Amino acid sequence: MSNYAGNPQAVAALVRPNQVHRDVYVSEEIYRLEMKHLFANTWVFVGHDSQTPNKGDYITTQVADQPVIMVRHSDGEVKVLYNRCPHKGTKIAIDRSGNTGKFFRCPYHAWSFKTDGCLLAIPLKKGYAQTDFGDTAASRGMKSVGAVHNHRGFVFARLAPEGISFDEYFGDAMSSIDNMVDRAPEGRLEVAGPPLRYMHQCNWKMLVENQTDACHPMVAHESSAGTAVRLFEESDWKEGDPKPMAMEIIAPFMSPYEFFEGMGQRTWPNGHGHSGVATSIHKEYAEEDEYGEAMNAAYGEERAAEILGENRHNTVYFPNIMMKGPIQQLRNFIPLGPNKTLVESWIYRLVGAPDYLLKRTAMYNRIINAPTSIVGHDDLEMYERAQEGLMTDGNEWVDLHRNAEEGEDFGHEWTGNGTSERQMRNQFDAWKRFMLATMDTPAQEAAE
Amino acid sequence: MTITRDDVIDFIYAEARMIDEGRFSEWLDLWLEDGIYWMPLDYKQTDPDLITSLLHEDHFMRKLRVERLNGERTFSQKPKSRCSHVIQRPFVDTFDTDAGSFETNTSMHYVETRLDEQFLLALTAQHQLKLVDGKLRIAGKRVDILNCDAAFGNIQLLP
């Protein structure tokens, strides 16, 4: 039975000012509508252009549930194409990365395509001469996604051909990516190795919400971070000695509520926001002189201090990525079903910076976000318990009241208490608008 | 004490049994203080520092991992996981009694379970062992997962 398709009122009713209905997490139908509407109407992260540095370099990935190829075209631009042959649907590439030279060639019947998707050649072309093939989508080759934008190396796609522009969608939220890239003395990043790939049996939105949830670390991570702090206190480390990198990373998770309240939070329109305005758990990392000197040389002391003074703990780019500017990590929460999410955690090198920074970044990634990470275990246990708990009929609503204000307006930038659930409410405000943006169109619903 | 190849091989079997029986504190004592337990993320990974690994743990991190397993508020271990190693006879690749230094290469099937979930990993473990005060100790251990590039759920114990 269909409750939601063709029924925008029912979808809208799932989001109340400070509560959301559990169907946003558990309903198969809502998941399919998210793929069709939310993920088509928003700008979704595809990859980093350093993954395809040379012409013909490509990666295969997915935007929502759509398999795509990101490829460096002969003009130097990055293109994003649906990964299917227009002939019979065969995926054109399945290896995670490679170089295709000047063109793609389908391994099934040898149709070939330029790296912008245009049809190059079909064997036995004369067999099509007397047909209406020229009027079909197939004759135009591999289809491109609706729109692509490369912001300082970070490639985003909007699947829908029409819709909100990149600049309007992200607005000032791009300042977090800018700050991360500015932290490189050469002003650019390079991807460092393959991502961690961690499968979660829970809804993708639980992960996105958790990125600015400043009330869970000292509770859910007591087992890992709390134990680390206790073991460290029992060790023979002396005040004034350099702290091991691992402790710098893990200990701040046990900071008290007051710390996270004071850390602050900022929200931007369209579901974007970040924790860590005034300070963050990354603030006290020890830095080596070599890095500061390289930054001063590149930017001048004043600008370098300004760049490194930004906190930007976790920035959520709605709908489904989070990046950590101070440690150059990006996590992609790829929805595979209402209760299945693949989390890819990528790290980047600050080009021109000393290696210790990337070493710390790689350490952070494995200590906090690996399938083998004790901190990751703490989090996943909570998500999966929530996914199962939401099946109970005793209460169908998830609560998002903390620090809610009367008549909240998410249409402008806001900063405030770091433990507020405002960013989660901001995400659901955007969720509702981008779900409904095309659901209101009767013609489109009829076509489904 | 004279070390034989059988002693080296028996050590590898005994370590696997120790983990499977949940004797993690004893397992910690097998290690030399500066040994590293490494589980690469990438196939044939050579760099442990500048790209991500699944594990790259020193004494402190190993101890933290083991202490956490027994913690009162370790919710992902309520209930506890269990594991089983089925190991092939280790190859002894280095057998240097003069230096007290030994290296083995061991294929393993590792099963971990909790509640209704169970998964299987095929592994190759490379051990560096040192003879210290008449006892074999672990100076380094590298575990390569055959499908290291696949997406995993929680891996909570010690493959």
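Residues numbered from 1 in each chain as written. Chains lettered and ligands numbered in written order. Predicted model: local features only at pLDDT ≥ 70, side-chain atom pairs only at ≥ 80, totals over all residues.

**Describing the overall build of chain A**
Turning to step 1, where the next piece is worked out: From N to C terminus, chain A includes 16 helices and 22 strands.
Turning to step 2, where the next piece is worked out: Computed over its C-alpha atoms, the radius of gyration of chain A comes to 23 Å, within 12% of the 22 Å expected for a compact globule of 448 residues.
Turning to step 3, where the next piece is worked out: Judged by the C-alpha coordinates and their principal axes, chain A covers about 85 × 55 × 40 Å.
Turning to step 4, where the next piece is worked out: Burial status across chain A gives 47% buried among its 448 residues.
Turning to step 5, where the next piece is worked out: When contacts within chain A are restricted to residue pairs at least 6 apart in sequence, those whose partners lie at least 24 apart make up 68%. (Helix = DSSP H or I, 4+ residues; strand = E, 2+ residues; numbered from the N terminus. Rg over C-alpha atoms; globule rule 2.2 N^0.38 Å. Buried ≥ 20, exposed ≤ 12 C-beta atoms within 10 Å, placed from the backbone. Contact = placed C-beta atoms within 7 Å.)

**Comments concerning the overall build of chain B**
Turning to step 1, where the next piece is worked out: When its secondary structure is counted, chain B shows three helices and seven strands.
Turning to step 2, where the next piece is worked out: In chain B, the order of α-helices and β-strands from amino to carboxyl end is α-α-β-β-α-β-β-β-β-β.
Turning to step 3, where the next piece is worked out: A compact globule built from 159 residues would reach a C-alpha radius of gyration of about 15 Å, and chain B, at 16 Å, matches this within 12%.
Turning to step 4, where the next piece is worked out: Considering only C-alpha atoms, chain B reaches an extent of 45 × 35 × 30 Å along its principal axes.
Turning to step 5, where the next piece is worked out: Here chain B, with 159 residues, has 32% of them falling under the buried criterion.
Turning to step 6, where the next piece is worked out: Of the contacts made within chain B by residues no fewer than 6 positions apart, 53% connect residues no fewer than 24 positions apart.

**Some words on the nonpolar core**
Turning to step 1, where the next piece is worked out: Core analysis: the biggest nonpolar cluster contains 118 residues, and A:Val46, A:Val63 and A:Met70 have the highest contact counts within it.
Turning to step 2, where the next piece is worked out: Here this core gathers at least three residues from each of two domains, domain 1 (45-151) and domain 2 (192-434) of chain A.
Turning to step 3, where the next piece is worked out: Setting aside chain neighbours within four positions, we find A:Met70 in contact with A:Val46, A:Gly47, A:Thr52, A:Tyr58, A:Ile59, A:Thr61, A:Val78, A:Val80 and A:Val155.
Turning to step 4, where the next piece is worked out: Judged by nonpolar contacts, the second largest core, of nine residues, contains B:Ala16, B:Phe102, B:Leu136 and B:Ile138. (Core = buried A, V, L, I, M, F, W, Y, C linked by C-beta atoms within 7 Å. Domains from an automatic or database assignment.)

**Examining the domain arrangement of chain A**
Residues and elements named next belong to chain A.
Turning to step 1, where the next piece is worked out: The assigned domain composition of chain A is domain 1 (45-151) and domain 2 (192-434).
Turning to step 2, where the next piece is worked out: For domain 1 and domain 2, the distance between their C-alpha centres works out to 35 Å.
Turning to step 3, where the next piece is worked out: At the junction of the two partners, domain 1 supplies four residues and domain 2 supplies six residues.
Turning to step 4, where the next piece is worked out: Looking at side-chain class alone, the side of domain 1 that touches domain 2 contains two nonpolar, two polar and no charged residues. (Nonpolar A, V, L, I, M, F, W, Y, C, P; charged D, E, K, R; others polar.)

**Looking at the environment of A:Tyr364**
Residue and element names in this part refer to chain A.
Turning to step 1, where the next piece is worked out: Along the chain, Tyr364 turns up in helix 13 (residues 355-369).
Turning to step 2, where the next piece is worked out: A tally of 26 C-beta atoms within 10 Å means that Tyr364 is categorised as buried.
Turning to step 3, where the next piece is worked out: Once the C-alpha coordinates of Tyr364 and Ile250 are considered, the two residues, 114 residues apart in sequence, prove to be 8.5 Å apart.
Turning to step 4, where the next piece is worked out: Not counting residues within four places of it along the chain, the set of residues in contact with Tyr364 comprises Ile249, Ile327 and Gln329.

**Structural notes on the interface of chain B and chain A**
Turning to step 1, where the next piece is worked out: In this assembly, 31 residues from chain B lie in contact with 31 residues from chain A.
Turning to step 2, where the next piece is worked out: Among the secondary structure elements, those contributing two or more residues to the side of chain B that touches chain A are strand 2 (53-57) and helix 3 (59-69) of chain B.
Turning to step 3, where the next piece is worked out: No other element matches the seven residues that helix 3 of chain B contributes to the side of chain B that touches chain A.
Turning to step 4, where the next piece is worked out: Along the lines of polarity and charge, the residues of the side of chain B that touches chain A split into 14 nonpolar, nine polar and eight charged.

**Quick word on the pairing of strand 5 (residues 66-72) of chain A**
Residues in a regular strand point their side chains to alternate faces of the sheet.
All names here are of chain A.
Turning to step 1, where the next piece is worked out: Most of strand 5 is tucked away: five of the seven residues are buried.
Turning to step 2, where the next piece is worked out: Where strand 4 (residues 57-63) meets strand 5, six bridges bridge the pair, whose relative direction is antiparallel. Note that in strand 5 the partner of Ile59 across the bridge is Met70.
Turning to step 3, where the next piece is worked out: Connecting strand 4 to the next strand, strand 5, in antiparallel fashion are two residues, including Ala64 with a positive phi near 55°.
Turning to step 4, where the next piece is worked out: Alignment of strand 5 against strand 6 (residues 78-82), held across five bridges, turns out to be antiparallel. Its bridge partner lying in strand 6, Val71 is registered against Lys79.
Turning to step 5, where the next piece is worked out: The hairpin formed by strand 5 and strand 6 contains five residues between the paired strands, and Gly76 there has a positive phi angle of roughly 90°. (Pairing = 2+ DSSP bridges.)

**Some thoughts on the UniProt feature "domain: Rieske" (unreviewed entry) in chain A**
Turning to step 1, where the next piece is worked out: Listed under "domain: Rieske" (unreviewed entry) in the UniProt record, and renumbered for this structure, are residues 43-123 of chain A.
Turning to step 2, where the next piece is worked out: Between the end C-alpha atoms of residues 43-123 of chain A there is a gap of 37 Å, over a span that is 0% helix and 44% strand. (UniProt positions renumbered as here; feature names shortened; annotations may be inferred.)

**Overview of the packing of helix 8 (residues 222-234) of chain A against helix 3 of chain B**
How two helices pack is summed up by the angle between their axes together with the distance between the axes.
Turning to step 1, where the next piece is worked out: Here helix 8 of chain A crosses helix 3 of chain B at 120°, and the two axes come no closer than 9 Å. Considering the angle they form, helix 8 of chain A stands oblique to helix 3 of chain B. Seen along the crossing, helix 8 of chain A lies across helix 3 of chain B with a hand that is right-handed. Taking contact as the criterion, the partners of A:Ser223, A:Ser224, A:Thr227, A:Ala228 and A:Leu231 in helix 8 of chain A are, on helix 3 of chain B, B:Lys63, B:Leu64, B:Glu67 and B:Arg68. (Axes fitted to C-alpha atoms, helices over the stretch in contact; angles between N-to-C directions. Parallel < 35°, antiparallel > 145°, perpendicular 65-115°, else oblique. Left-handed = near helix turned anticlockwise from the far one by under 90°.)

**Some details on the sheet that holds strand 3 (residues 44-48) of chain A**
Residue and element names in this part refer to chain A.
Turning to step 1, where the next piece is worked out: Pairing within the open sheet is antiparallel, and its three strands lie in the order 3-12-11. Across the chains shown, the open sheet's two edge strands, defined by having one partner strand only, are strand 3 and strand 11 (147-151). Sheet twist, expressed as the mean angle between neighbouring strand axes with direction ignored, is 25°.
Turning to step 2, where the next piece is worked out: Bridge count between strand 11 and strand 12 (residues 154-158): five bridges; the pairing is antiparallel. Bridged to His149 within strand 12 is Phe156.

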